[in-house]
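# Residue-level structure breakdown
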Amino acid sequence: VQLQASGGGLVQPGGSVRLSCVVSARTFSNYAMGWFRQTPGKEREFVAAIKWSGGSTKYADSVKGRFTISKDTFKNTGYLQMNSLKPEDTAVYYCAAKHAPITSTMSDGSAYGYWGQGTQVTVSS
């Protein structure tokens, strides 16, 4: 499984950006895709996750109501729509894949075996 994230950039507070994560895999139906973020000096933080089969989702409390995770199975691409962005959302965002996902562990970064490269999102005026 290989993951390629893109879509970051500089955005003003209150603005929006959509991240994409393209999956290269023979089969991805029994996986979940997660998004995590990290800032210098801080631990990696769970943002959102989605099961590729069925589409159930999970969000961190800090992004509920502002971020939406989705997928396009035909394009083998996952998305993270980020609205009402705040300066504290500034981070490097990573997409990751977890095999045979269990909902209770979808927020656990250590359970993800595959990671894409990060994409920087900077929220600043």
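Below is a short write-up of the structure. Computed from a prediction, not measured in an experiment: that's the story for all the values here. Here, residues in each chain are numbered from 1, in the same order as that chain's written sequence. Restriction of local features to residues with pLDDT of at least 70 applies here, the model being predicted, together with a cutoff of 80 or more for giving and counting side-chain atom pairs; totals for whole chains, interfaces and linings are based on all residues. Only heavy atoms go into the side-chain values, all of them from the structure, while hydrogens and water stay out.

### Some thoughts on the overall build of the protein
Elements are defined by DSSP. Helices are runs of H or I of four residues or more, strands are runs of E of two residues or more, and each kind is numbered from the N terminus. Broken down by element type, the protein carries 0 helices and 11 strands. Each helix (α) and strand (β) of the protein, taken in turn from the N terminus, gives the series β-β-β-β-β-β-β-β-β-β-β. Radius of gyration: C-alpha atoms only; globule rule: 2.2 Å multiplied by the number of residues to the exponent 0.38. Taken over the C-alpha trace, the protein has a radius of gyration of 13 Å; the compact-globule value for 125 residues is 14 Å, and the two agree within 12%. Over its C-alpha atoms, taken along the principal directions, the protein stretches across nearly 40 × 25 × 25 Å. Total accessible area computed for the protein in this model is approximately 6,300 Å², and 46% of it derives from carbon and sulfur atoms. Across the protein, 13 positive and 7 negative side-chain charges occur, with their mean positions spaced 7 Å apart. Using a 1.4 Å probe, the Shrake-Rupley method yields the accessible areas, and only the shown protein chains count as cover for residues. Counting rule for charge: Lys and Arg are taken as positive, Asp and Glu as negative, and neither His nor the chain ends is counted. Think of each charge as sitting on NZ of Lys, CZ of Arg, CG of Asp or CD of Glu.

### Here we look at the packing of aromatic side chains
Each pair of aromatic rings taken from Phe, Tyr and Trp, with Trp reduced to its six-membered ring, is defined by centres within 6.5 Å and is described as stacked if the planes are under 30 degrees apart, edge-to-face if over 60, and tilted in the remaining cases. Under the defined criterion, the tally for this structure stands at 7 aromatic pairs. A centroid spacing of 5.1 Å and a plane angle of 80° characterise the contact between Phe36 and Tyr112, whose relative ring orientation is edge-to-face. Placement of Phe36 in strand β4 (residues 31–38) and of Tyr112 in the loop between β9 (91–99) and β10 (114–115) is noted, with a sequence separation of 76 residues between them. The pair formed by Phe36 and Tyr112 is uniform in burial state, with each residue classed as buried. Judged by centre distance (5.1 Å) and plane angle (55°), the ring pair of Phe36 and Trp115 falls under tilted. Classification of residues uses two cut-offs on accessible area relative to the type maximum, computed with a 1.4 Å probe and protein chains only: under 20% is buried, over 50% is exposed, and between them is partly exposed.

### Concerning the nonpolar core
Formed by 35 residues in total, the largest nonpolar core has its most connected members in Met33, Trp35, Val47, Phe67, Leu80, Met82 and Tyr93. Counting residues per element, the ones that place at least two in this core are β1 (2–6), β3 (17–24), β4, β5 (45–51), β7 (67–72), β8 (77–82), β9 and β11 (119–123). For the purposes of this section, nonpolar cores are sets of buried Ala, Val, Leu, Ile, Met, Phe, Trp, Tyr and Cys residues that join through side-chain atoms within 4.5 Å.

### Remarks on the pattern of salt bridges
A side-chain nitrogen of Lys or Arg and a carboxyl oxygen of Asp or Glu constitute a salt bridge if their distance falls within 4 Å. Under the definition given, this model contains 4 salt bridges. For Asp89, the salt bridge goes to Arg37, with nearest N and O atoms at 2.9 Å. Placement of Asp89 in the loop between β8 and β9 and of Arg37 in strand β4 is noted, with a sequence separation of 52 residues between them. In this structure, the salt-bridge partner of Asp61 is Lys64, at a minimum N-O distance of 3.2 Å. Classification of Lys64 by relative accessible area gives exposed; the value is 51%. Where salt bridges share partners, they join Arg37, Glu45, Arg66 and Asp89 into one cluster.

### Observations concerning the pairing of β5
Of all 7 residues in β5, 6 are buried, a share of seventy percent or more. Two strands are said to pair when DSSP picks up at least two bridges between them. As paired elements, β4 and β5 share 6 bridges and run antiparallel to each other. Along β5, the bridge assignment pairs Met33 with Ile50. If you look at the hairpin formed by β4 and β5, you'll find 6 residues sitting between the two strands, and Gly41 has a positive phi there, around 85°. Two elements, β5 and strand β6 (residues 57–59), share 3 bridges in a ladder whose sense is antiparallel. By the bridge assignment, Ala49 is partnered in β6 with Lys58. Between β5 and the antiparallel strand that follows it, β6, lie 5 residues; Gly54 among them carries a positive phi value of about 100°.

No statement about biological role is implied by the geometric values presented.
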